[in-house]
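Structural characterization, general
Chain by chain, the residues run as shown.
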Amino acid sequence: MNEKTIVFIDKEKCSFFEAVKYSFKDCTISSISDNITPPEIEKLATQINKDYSQVIFFDYVYNFNLLLPIISKKLKRKWIVTSSLPAFFDQTAYNLFFQVMEYYERNLLDVVGVVDYDVYLTFKEKYNLKYLKLDIDLKNNSEKEDVIGIIGYDYLNSDNFFNQLSAVTLTDYKKVLVLNEMNVTKQFAKQFDLIIEKEESVYKLIDRSKINLSVGLFSICYPYFLYSMDNDTICLLGNTHLLDDNKYLKDNLVLNSDDSIDEISFKINNVLKNKSDIFKEYKSFRKQYSIDSKKSIEEFLEEKENKN
């Protein structure tokens, strides 16, 4: 049996895909078709058992539940969960998280990793969770426009979209790039004399914007923050532990109150004044983050057994 790892992830829908592809660059990255049949699942399991020594499931895909029980116990079986603690107010997210924990308790999984620090702190003792810092390395030297980008969707209450959009009306910015535009968003823009443009991908949105907003109520996809900052675009964040080790960055980029329109608009209006110092601090933060990320991924890959 080859010492190889395969990582299963939804390539089309998972916001962490580019970070997973980079962080696990020495592993095989794959997905499972929504239309796969039971015989095909069994054939896939046979192939995995033959060719790999380790399988990792990333986030939630229904077919993972069909594949996991027929993966050989000789393989190391691991699952990485992206849910945040506040997301557990959603019953579906809550149930899916504890379904994975049940797999761990039944010894169907050897290790469970999480990318949310609060989830790690809350459940690390009970489930021996591993905290992962995913990295990303994408460069795009595109010219920035005089626009605000909102990383989030107007149809998801958890993305805090309309508080962010409302904050823009208290600034001098008149154009906003978005990932979705419902009729209510169009009406809001007309009422407050904003120009709304829908961008086809989050990375294109980030590339074009002078400032990006990622002020969700539940959690952030922090690789988007890294990508934005790596490409010289300031990104404001909702409440997160990501920048706890750098007080200057946290004071300037992280909201104390995610749903405060006044605070979001204040940071939008002031953040570019400190841009040079922010990126100077970010350079130091980023270097250490990449070191920590590499270590967390290596330790996760090397973790061998269920200590339940």
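All values derive from a computational prediction rather than experimental measurement. (Residues numbered from 1 in each chain as written. Predicted model: local features only at pLDDT ≥ 70, side-chain atom pairs only at ≥ 80, totals over all residues. Heavy atoms only, no water.)

1. Looking at the overall build of the protein
Looking only at helices and strands, one finds 12 helices and 11 strands in the protein. Relative to the compact-globule value of 19 Å for 308 residues, the protein shows a C-alpha radius of gyration of 20 Å, a close match. Out of the 308 residues in the protein, the part that is buried amounts to 52%. Considering only intrachain contacts with a sequence separation of at least 6, the fraction spanning at least 24 residues in the protein is 63%. Looking at the protein as shown, the accessible area adds up to about 15400 Å², and 46% of this sits on carbon and sulfur atoms. (Helix = DSSP H or I, 4+ residues; strand = E, 2+ residues; numbered from the N terminus. Rg over C-alpha atoms; globule rule 2.2 N^0.38 Å. Buried < 20%, exposed > 50% of the residue type's maximum accessible area, 1.4 Å probe, protein only. Contact = heavy atoms within 4.5 Å. Areas by Shrake-Rupley, 256 points an atom, 1.4 Å probe, with all protein chains shown as cover.)

2. As for the packing of helix H6 (residues 161-168) against helix H7 (residues 183-191)
Packing of H6 against H7 leaves a shortest axis separation of 11 Å and a crossing angle of 15°. Taken together, the axes of H6 and H7 are roughly parallel relative to one another. Relative to H7, the crossing made by H6 is right-handed. Here Phe161, Phe162, Leu165 and Ser166 of H6 come into contact with H7, specifically with Val184, Thr185 and Phe188. Here the contact of H6 with H7 is composed, by residue class, of 5 nonpolar, 2 polar and no charged. (Axes fitted to C-alpha atoms, helices over the stretch in contact; angles between N-to-C directions. Parallel < 35°, antiparallel > 145°, perpendicular 65-115°, else oblique. Left-handed = near helix turned anticlockwise from the far one by under 90°. Nonpolar A, V, L, I, M, F, W, Y, C, P; charged D, E, K, R; others polar.)

3. Focus: the packing of H6 against helix H11 (residues 261-270)
Contact pair H6 / H11: the axes reach a minimum separation of 8 Å and the direction vectors enclose 50°. Classified by the interaxial angle, the pair formed by H6 and H11 is oblique. In the crossing of H6 with H11, the sense of the turn from one axis to the other is right-handed. Here Asn163, Gln164, Ser166, Ala167 and Val168 of H6 come into contact with H11, specifically with Ile261, Ile264, Ser265 and Ile268. Classifying every residue of the contact of H6 with H11 by side-chain character gives 5 nonpolar, 4 polar and no charged.

It is worth stressing that arrangement in space is one thing and function is another; only the former is reported here.
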